[in-house]
Amino acid sequence: MSAATESSPLLKAESAFAPPPAAAALSVAVVMRRRTTSSVASRWQPWQWELAEVLANEPSFGDRPRLLYEDADEQRWLHPGFTVELFKDDAEGYYLNLTTDAPCWFVMWRVEEEPATASVPIALPQAVSLSYHDAGRWLDSQETVEQVDAPPAVLHWLGEFTERHYVPEPKRRQRPQSFRTLSDRFGNPVSITTDKLRKGGGGGEGGKGGGNGGGRGHG
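Just so you know, these numbers come straight off a predicted model, no measurement behind them.

Rules and cut-offs
- Residues numbered from 1 in each chain as written.
- Predicted model: local features only at pLDDT ≥ 70, side-chain atom pairs only at ≥ 80, totals over all residues.
- Heavy atoms only, no water.
- Axes fitted to C-alpha atoms, helices over the stretch in contact; angles between N-to-C directions.
- Helix = DSSP H or I, 4+ residues; strand = E, 2+ residues; numbered from the N terminus.
- Parallel < 35°, antiparallel > 145°, perpendicular 65-115°, else oblique.
- Left-handed = near helix turned anticlockwise from the far one by under 90°.
- Contact = heavy atoms within 4.5 Å.
- Nonpolar A, V, L, I, M, F, W, Y, C, P; charged D, E, K, R; others polar.
- Buried < 20%, exposed > 50% of the residue type's maximum accessible area, 1.4 Å probe, protein only.
- Arc of directions from axis to C-beta.
- Salt bridge = Lys/Arg side-chain N within 4 Å of Asp/Glu carboxyl O.

Trainee: Whenever I open this one, the packing of helix α2 (residues 91-98) against helix α4 (residues 152-165) confuses me. Can you help?
Mentor: For any two helices packed against each other, the geometry is given by the interaxial angle and the distance between the axes. Close contact between α2 and α4 brings their axes to 9 Å; oriented N to C, the two are set at 130 degrees. Relative to α4, α2 is oriented oblique. Both α2 and α4 take part in a crossing whose hand is left-handed. Judged by residue contacts, A91, Y94, Y95, N97 and L98 of α2 engage L155, L158, G159, F161, T162 and H165 from α4. Across the contact of α2 with α4, the residue classes tally to 7 nonpolar, 4 polar and no charged.

Right, here's the structure in full:
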């Protein structure tokens, strides 16, 4: 297959993002890229997979992965039919994404264990999200997660949803230094009573005097 032509949905779909403000879900498609590598490891695997872009899904994309572009150095595969749904209880995750320098899509993907779509295993996206928390959970599970910039229309939609539902947690008042728990060198709590200090106050002075007198008498 040669380079994508003007009729390819890949070239026109990016401008199709226009999510209605009241909607809480968006249908998207993912484009994965396979490119050749020149690293030492390329003797065993002469290419590597990476996320290329996230597009607005269209009916013309169908419901199965398909090859969009191929040359000697690169392949691009279109994976349609992913739903990105926004949840009120994940508003903080959207807020954390929106307040980064480059708010983005997060895509979790895996390479097939056995070829089922092409002659060799290809990378298959598993989930798409706009939540920083989703990405963190996937990474904690040792999944492959990549990101790509989200377009302004999607960020506006996400921002309106987040503004309606995100409630920052109140900051806890810091405990004053004088109220901090004291502990010994073993980490056990230590209590101090002023009653003991008052009782030993006079005796302490007397003991100090006796000690000094004894010192002088010894001399």
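Trainee: Would you mind showing me how to read α2 here?
Mentor: Given 3.6 residues per helical turn, the α-helix brings residues three or four places apart onto the same face. Within α2 the residues assigned to the buried category are A91, G93, Y94 and N97. One face of α2 carries all of its buried residues, which in axial projection span an arc of 160 degrees. Here the buried face of α2 lies against β4 (74-85), β5 (104-111), α3 (132-140) and α4.

Trainee: Would you mind going over the pattern of salt bridges with me for this structure?
Mentor: Oppositely charged side chains can pair when the atoms bearing their charge come close. One pass over the structure, following the stated rule, counts 7 salt bridges. Across the salt bridge formed by R137 and D134, the nearest N and O atoms sit 2.4 Å from each other. In this pair, R137 and D134 are both assigned in helix α3, 3 residues apart and thus about one turn of the helix distant. Residue R137 is classed as partly exposed on the basis of its relative accessible area of 45%. Linked through salt bridges whose partners overlap, the residues forming this network are R33, R35, E50, E53, E74 and R76.

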